[in-house]
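Architecture and fold: a report
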Amino acid sequence: MAAGLRAVRRWGLAAAAPPSLAFTRSAFVARKANHAQPNWLGVGLAFSTSAALWAFLVKQHNEDVMEYERRKQARGHKCTGCS
């Protein structure tokens, strides 16, 4: 029976076992994080990006509100000579 199993393995007909996670290494973790010295460049980029997105969001909101008010006033104007 053991000879039969060896023949099956030799021909590749047996299901391949998944690799053990104990011996794998992530390609993204080259060293442990040092929490005593934060990555200030990354922190600055994260906060500045967040601030820029919020500024754009507020600016866009204000423009949308102004456009809404302009269209609301134009809708209320019922003069036949304007349009």
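Residues numbered from 1 in each chain as written. Predicted model: local features only at pLDDT ≥ 70, side-chain atom pairs only at ≥ 80, totals over all residues. Heavy atoms only, no water.

Looking up the protein in an unreviewed UniProt entry gives the name NADH dehydrogenase [ubiquinone] 1 subunit C1, mitochondrial, with the organism given as Cisticola juncidis. Regarding the protein, the UniProt comment filed under Function (unreviewed entry) reads as follows: "Accessory subunit of the mitochondrial membrane respiratory chain NADH dehydrogenase (Complex I), that is believed not to be involved in catalysis. Complex I functions in the transfer of electrons from NADH to the respiratory chain. The immediate electron acceptor for the enzyme is believed to be ubiquinone." The protein has a UniProt comment under Sequence similarities (unreviewed entry) that states "Belongs to the complex I NDUFC1 subunit family." (UniProt positions renumbered as here; feature names shortened; annotations may be inferred.)

Notes on the overall build of the protein
A tally of regular secondary structure across the protein gives 2 helices and 0 strands. Relative to its 83 residues, the protein shows a buried fraction of 0%. Of the roughly 8,500 Å² of accessible surface on the protein, 65% is carried by carbon and sulfur atoms. (Helix = DSSP H or I, 4+ residues; strand = E, 2+ residues; numbered from the N terminus. Buried < 20%, exposed > 50% of the residue type's maximum accessible area, 1.4 Å probe, protein only. Areas by Shrake-Rupley, 256 points an atom, 1.4 Å probe, with all protein chains shown as cover.)

Digging into the pattern of salt bridges
Taken as a whole and assessed by the stated rule, the structure comprises 3 salt bridges. Where Lys59 meets Glu63, a salt bridge forms, and the shortest distance between an N and an O atom there is 3.1 Å. Of this pair, Lys59 and Glu63 are both found in helix α2 (residues 40-76), 4 residues apart, which corresponds to roughly one turn of the helix. By relative accessible area, which is 45% here, Lys59 ends up partly exposed. In this structure, Arg70 and Glu67 form a salt bridge, with 2.6 Å as the shortest nitrogen-oxygen distance. One end of the pair is Arg70 and the other is Glu67, both in helix α2 and 3 residues apart, which spans about a single turn. A relative accessible area of 46% places Arg70 in the partly exposed class. Looking at Glu67, the relative accessible area reads 31%, which means it is partly exposed. Among the charged side chains, a network of salt bridges with common partners joins Glu67, Arg70 and Arg71. (Salt bridge = Lys/Arg side-chain N within 4 Å of Asp/Glu carboxyl O.)

Points about a nonpolar patch on the surface
On the surface, a cluster of nonpolar side chains totalling about 330 Å² of accessible area is made up of Trp54, Leu57 and Val58. One can find Leu57 in helix α2. (Patch = residues over 30% accessible without salt bridge, like charges linked within 9 Å, V, L, I, M, F, W, Y side chains within 5 Å.)

Thoughts on the UniProt feature "transmembrane region" (unreviewed entry) in the protein
Summarizing the sequence annotation, UniProt attributes the feature "transmembrane region" (unreviewed entry) to residues 39-58 in the numbering used throughout. Counting secondary structure, residues 39-58 comes out at 95% helix and 0% strand; the distance between its end C-alpha atoms is 29 Å.

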